[in-house]
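What the coordinates show
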Amino acid sequence: MSGRRPMTGAGGGCAPAAPGRPRGARRMPAALRFAAGQLARFALLMVAVSMVTVALVSASPIDPVQANTGQAALLSMSAEKREELAERWGAGEPFAERYAAWASDALRGDLGESLRFNAPVVEVVGERLAGSALLLACAWLLSGAIGFALGVAAGAAQGSLFDRLVRGWCYLLSATPGFWLAMLALMVFSVWLGWFPVGFSVPIGASSASVTLLDRIHHAALPALVLSLTGVANVALHTREKTVDVMASEYMRFAEARGETRRRAVLRHGLRNLALPALTLQFTSVSEIVGGSVLVEQVFSYPGLGQAAVTAGLGGDAPLLVGIALATSAIVFAGNLAANLLYGAVDPRMRAVGGAGAVRGADEGAGAGAGGSAAGAGDAPSRPVPEGAAAGRGGGALVAACDGATAPVAAAAPGPLEGGRRSVAVPDSVGAGAAPSAGGRSAEGPDPVAAAAPGPREGGRSAGEPVPGGVPLRIHAPRPRGLLGGRRALLAGALVALAVLTAAVVAGALSAERASATDFTATNLAPCLEHPFGTDWMGRDMLARTLAGLSTSVVVGAVSAAVSSVIALVLAAASALGGPRVDAVVGWLIDLIMGVPHIVLLILVSYALGRGAAGVCVGVALTHWPSLTRVLRAEIMQLRAQPFMACSRALGVSGVRLALTHALPCVLPQYLVGLVLLFPHAILHEASITFLGFGLSPEQPAIGVILSEAMGYLTSGAWWLAVFPGAALLAVVLMFDRVGSALRRLLSVEGVQA
């Protein structure tokens, strides 16, 4: 009897049914399982955010009764009335009882009453979110469109003048504080040129019935443009790196070899391979846009959700602060969820890799928001990847992740869809030590640690042996020897930048007394020989105040970055060496921290600590460790697979000793680079949170305080009050970037010529 034989297993018999499942039962399709896992993860993260948010506002020493009634009214209020208001607003109630009551009401759609707006929180959040919707949508679309176009054009013209200009502009933009950029735009385009309104979302004095859509667009145009610039640099540089990879692929070379122009080849073959990674990167940039809106709305007095968050934090409106934190986190998680589902729907390999962890790089990178853009925007600034340092490429991955970059999205993106290399997403549990693929390369590019030393034999051959076919595996392309490319030049540049930074800190410390000296006979003087930066409305010398403010910002940023880097090192070691349960806990902490817009999280931490300098330092230190943790964890995971680590474990060496004596010396270079790259990130966030009024006191000179005070004098023509302090802050951030980049290249496995 002929016919098809039943499918057999390796032993020739019929394949047994899956254990625990009756024969003939249908499994849920992979796409539905993937979507269900993502939705469950979304729900659990929202529950965790609600618990953390309520815990932070419950721990705050700020008395909501005094914050909302005023000191005079509080003194004249009876004890019974004070107790009644305290009970109504939940003052002094234990966290467990407070959260249980809040969760019970929240399940019914009641988030409480706003103390500042005297309305239900749901109504206030909905109204303010509707006001921010136009601003956020326009900024999100503009940043994606401009960034994608610039990235593709620069990548296709790699090495040209246009490419260098785009990269230089993106690096400068990524280091610019977002609120200072908004102040400059307001001063130039609204005050001097008069092209746009000075602020607000509708004309002043106009009734709601008389406001047209054109009026709303006119008022939202300049804030949306400024907000979109905070995300352009990140999208452009990551798209450029992906474009460079696509242009070097075999199918693009074949297209050019058969006579197609580069422009035609990019349009016909390249765009389809660049669109999906760029689209996913765009979805995960939602956190950056939402966090940046807090600062931009504050500068332009735009009545949206961001301005309401500042009002709630400064006014002690705990119910509204919780509601805004949940709303913004839901928006960020929804963007990450859309990115994950998009990849899972388009590329089945993503679902096969590992469900919720398949695009962890996208989720974790999104909450971070590129030092520059997101940091300047107040979000988890996501510092772009330098040239030749795409995510997953040796030292470049360190730069991307140390600054909270969303670079892992590009790394997680599947490779070209037609020919060429394919770059398959790797689950986060694998880290940077992924097994090499068929070409002797890992799924995300060359292994930085394996490239630095011969190491163990992988796939039957060491790193230096030729692959089948006789083609040697090149560890790195040789660099041309040049005046500006050697180690000595890099070291000299880093030392010069460090010397300038040290001089600025010392000069600021020596200028503290002069910065507070007032002279009412010399108020609001424009820059002159006696006062190069001019004077303010109290006759204080702006040069002395700027130097003192820079000194304060650098010290606060350095302390916060140092503490944050230690936290990252400890958690990375625990995650890589502590077993799967510890790794899962650390991963959840990273998801939680990166899922909340950075500025909103800093406002919550500052509110919990009663605001002030302590709130700034602790807030920055507790929120900047996730990205560096991911990088160090990947490095330690690589070391864990090395033979000497396996021998140590077999000999009974404890996990703590293994981390201190074996892992720490090996990851120390990466740790030092990450520490240096955290400095500008911390400085920008210190200035941002202080600008909003949650940081240092107005009596203490700081760049955020100086720029916040300058806001009231922009319309009077005192431009120097905003221009010089912001430019000085930008210069300090660029110098720290210079030091970090030089240190990264000096310690990079690619190396430079001596």
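Counting its regular elements, the protein chain contains 31 helices and two strands. Across the 754 residues in the protein chain, those meeting the buried criterion constitute 51%.

So, about a negative patch on the surface. On the surface, a cluster of negative charge is made up of Asp110, Glu113, Glu123 and Glu127. Along the chain, Glu113 turns up in strand β1 (residues 113-114).

To continue, consider the packing of aromatic side chains. The tally for this structure, following the rule as stated, stands at eleven aromatic pairs. With a centroid separation of 5.3 Å and 75 degrees between ring planes, the pair formed by Phe679 and Phe736 is classed as edge-to-face. Note that Phe679 is positioned in helix α29 (residues 655-691) and Phe736 in helix α31 (residues 720-747), a separation of 57 residues in sequence. Accessibility expressed as a relative area gives 17% for Phe679, which makes it buried. Classification of Phe736 as buried rests on a relative accessible area of 8%.

Per-residue confidence for the protein chain gives a mean pLDDT of 75, with 73% of residues at or over 70. Note that residues 352-484 has pLDDT below 50 and, in this model, 361 contacts with residues that lie over four places away or in other chains.

The subject of this paragraph is the pattern of salt bridges. This model, assessed by the stated rule, comprises 13 salt bridges. For Arg108, the salt bridge is made with Asp105, and the minimal N-O distance between the two is 2.5 Å. Judged by relative accessible area, Arg108 falls into the exposed class, the value being 58%. A relative accessible area of 27% places Asp105 in the partly exposed class. Here Arg258 and Glu260 are joined by a salt bridge, their closest N and O atoms 2.8 Å apart.

What follows concerns the side chain of Ser648. Checked against the element boundaries, Ser648 lands in helix α28 (residues 643-650). Filtering out sequence-adjacent residues up to four positions away, Ser648 remains in contact with Val653, Leu658 and His662.

In the contact formed by helix α25 (residues 598-608) and α29, the axes pass within 11 Å of each other and the chain directions differ by 65 degrees. The angle between the axes of α25 and α29 places the two elements in the roughly perpendicular class. When you trace α25 past α29, the crossing you get is right-handed. Residues His598, Ile599, Leu602 and Ile603 of α25 form the contact with α29, whose own contacting residues are His681, His685, Ser688 and Ile689. Of the residues that constitute the contact of α25 with α29, the class distribution is four nonpolar, four polar and no charged.

Residues separated by three or four positions in an α-helix point in the same direction, a consequence of the helix having 3.6 residues per turn. In terms of residue burial, helix α30 (residues 703-710) counts as a mostly covered element, since six of its eight residues are buried. Looking at the buried positions of α30, the neighbouring elements they touch are α8 (178-192), α23 (542-577), α29 and α31.

Attention now moves to unusual backbone geometry. With a phi close to 50 degrees, Ser301 is a non-glycine residue in the positive phi region. Of note, Ser301 is situated in the loop between α12 (286-299) and α13 (305-315). According to the relative accessible area criterion, Ser301 is partly exposed, its value standing at 28%. Non-glycine residue Asn524 carries a positive phi angle of around 55 degrees. Of note, Asn524 is situated in the loop between α22 (512-516) and α23. The class of Asn524 is partly exposed, set by a relative accessible area of 33%.

Here we come to a nonpolar patch on the surface. A cluster of nonpolar side chains, Phe189, Trp192, Leu193, Trp195 and Trp719, forms an exposed patch at the surface whose accessible area comes to about 530 Å². Residue placement: Leu193 occurs in the loop between α8 and α9 (213-247).

In this fold, Leu115 is placed in the loop between β1 and β2 (119-120). Measuring from C-alpha to C-alpha, the distance between Leu115 and Pro319 comes to 7.6 Å, with 204 residues separating the pair along the chain.

As for its position among the elements, His624 is in the loop between α26 (613-623) and α27 (626-640). For His624 and Met594, which are 30 residues apart along the polypeptide, the C-alpha to C-alpha distance reads 9.3 Å. Those residues within four positions of His624 in sequence are excluded, and the remaining contacts are Ser564, His598, Leu678, His681, Ala682 and His685. Separated by 3.1 Å, the side chains of His624 and Thr623 make a polar contact. A polar atom in the side chain of His624 sits 2.9 Å from the side chain of His685.

By the element assignment, Val296 lies in helix α12. Val296 sits 116 residues away from Trp180 along the chain, and the two C-alpha atoms are 9.3 Å apart. When near neighbours in sequence (up to four residues on either side) are disregarded, Val296 contacts Pro223, Val226 and Leu227.

Attention shifts here to α12. Across its 14 residues, α12 extends 20 Å between first and last C-alpha, which sits within 8% of the 20 Å expected from 1.5 Å per residue. At Ser293, α12 shows its largest kink, close to 30 degrees. Counting buried residues along α12, 13 of its 14 residues qualify, which places the element largely inside the surrounding structure. Immediately downstream of α12, the backbone of Ser301 shows phi near 50 degrees, a positive value.

Next up on the list: the packing of α23 against α27. One way to put it is that α23 packs onto α27 with a least axis distance of 8 Å and a crossing angle of 40 degrees. Relative to α27, the element α23 is oriented oblique. Taken as a pair, α23 and α27 cross one another with a handedness that is right-handed. Taking contact as the criterion, the partners of Ser565, Ala568, Leu569, Leu571, Ala572, Ala573, Ser575, Ala576 and Leu577 in α23 are, on α27, Leu628, Thr629, Leu632, Arg633, Ile636, Met637 and Arg640.

Procedures and definitions
- Each chain has its residues counted from 1, following the order in which its sequence is written.
- Local features are withheld for residues below a pLDDT of 70 in this predicted model, meaning they are given only at 70 or higher, and side-chain atom pairs are given and counted only at 80 or more; totals for whole chains, interfaces and linings count all residues.
- By convention in this description, side-chain values take in all heavy atoms of the structure and omit both hydrogens and water.
- The helix and strand labels rest on DSSP assignments: H or I over at least four residues marks a helix, E over at least two residues marks a strand, and numbering proceeds from the N terminus.
- Under the scheme applied here, a residue whose accessible area is under 20% of the maximum for its type counts as buried, over 50% as exposed, and between as partly exposed, the area being computed with a 1.4 Å probe on protein chains only.
- For patches, a residue must show more than 30% relative accessible area and have no salt bridge; joins then use 9 Å for like charges and 5 Å for nonpolar side chains, namely Val, Leu, Ile, Met, Phe, Trp and Tyr.
- Values of accessible area rely on a 1.4 Å probe in the Shrake-Rupley scheme; residue burial ignores everything except the protein chains shown.
- Salt bridge, as applied in this entry: a Lys or Arg side-chain nitrogen positioned within 4 Å of an Asp or Glu carboxyl oxygen.
- Neither His nor the chain termini are counted; the positive set is Lys and Arg, and the negative set is Asp and Glu.
- Note on charges: their place is set at NZ of Lys, CZ of Arg, CG of Asp or CD of Glu.
- Two rings from Phe, Tyr or Trp (for Trp, the six-membered ring) form a pair when their centres are within 6.5 Å of each other. A pair whose planes differ by under 30 degrees is stacked, one over 60 is edge-to-face, and the rest are tilted.
- The predictor reports its confidence for every residue as pLDDT, a score running from 0 up to 100.
- The contact criterion used throughout is that any non-hydrogen atoms of two residues lie within 4.5 Å.
- To get an axis, fit a line to the C-alpha atoms, keeping to the stretch in contact for a helix; angles then go from 0 to 180 degrees between the N-to-C directions.
- Oblique is the label for any angle not under 35 degrees, not over 145, and not in the 65 to 115 range, which are roughly parallel, roughly antiparallel and roughly perpendicular in turn.
- Each crossing is labelled by how the near helix is turned from the far one, with a counterclockwise turn of less than a right angle marking it left-handed and a clockwise turn marking it right-handed.
- Just so you know the grouping, Ala, Val, Leu, Ile, Met, Phe, Trp, Tyr, Cys and Pro go in nonpolar, Asp, Glu, Lys and Arg go in charged, and all remaining residues, Gly too, go in polar.
- For this analysis, a polar contact is any N or O atom pair within 3.5 Å, provided that within protein one partner can donate a hydrogen and the other can accept it, and provided that sequence-adjacent residues contribute only side-chain to side-chain pairs.
- What a helix should span is 1.5 Å times the count of its residues minus one.
- One axis is fitted to the seven residues ending at the residue and one to the seven starting there. The bend at that residue is the angle between these axes.

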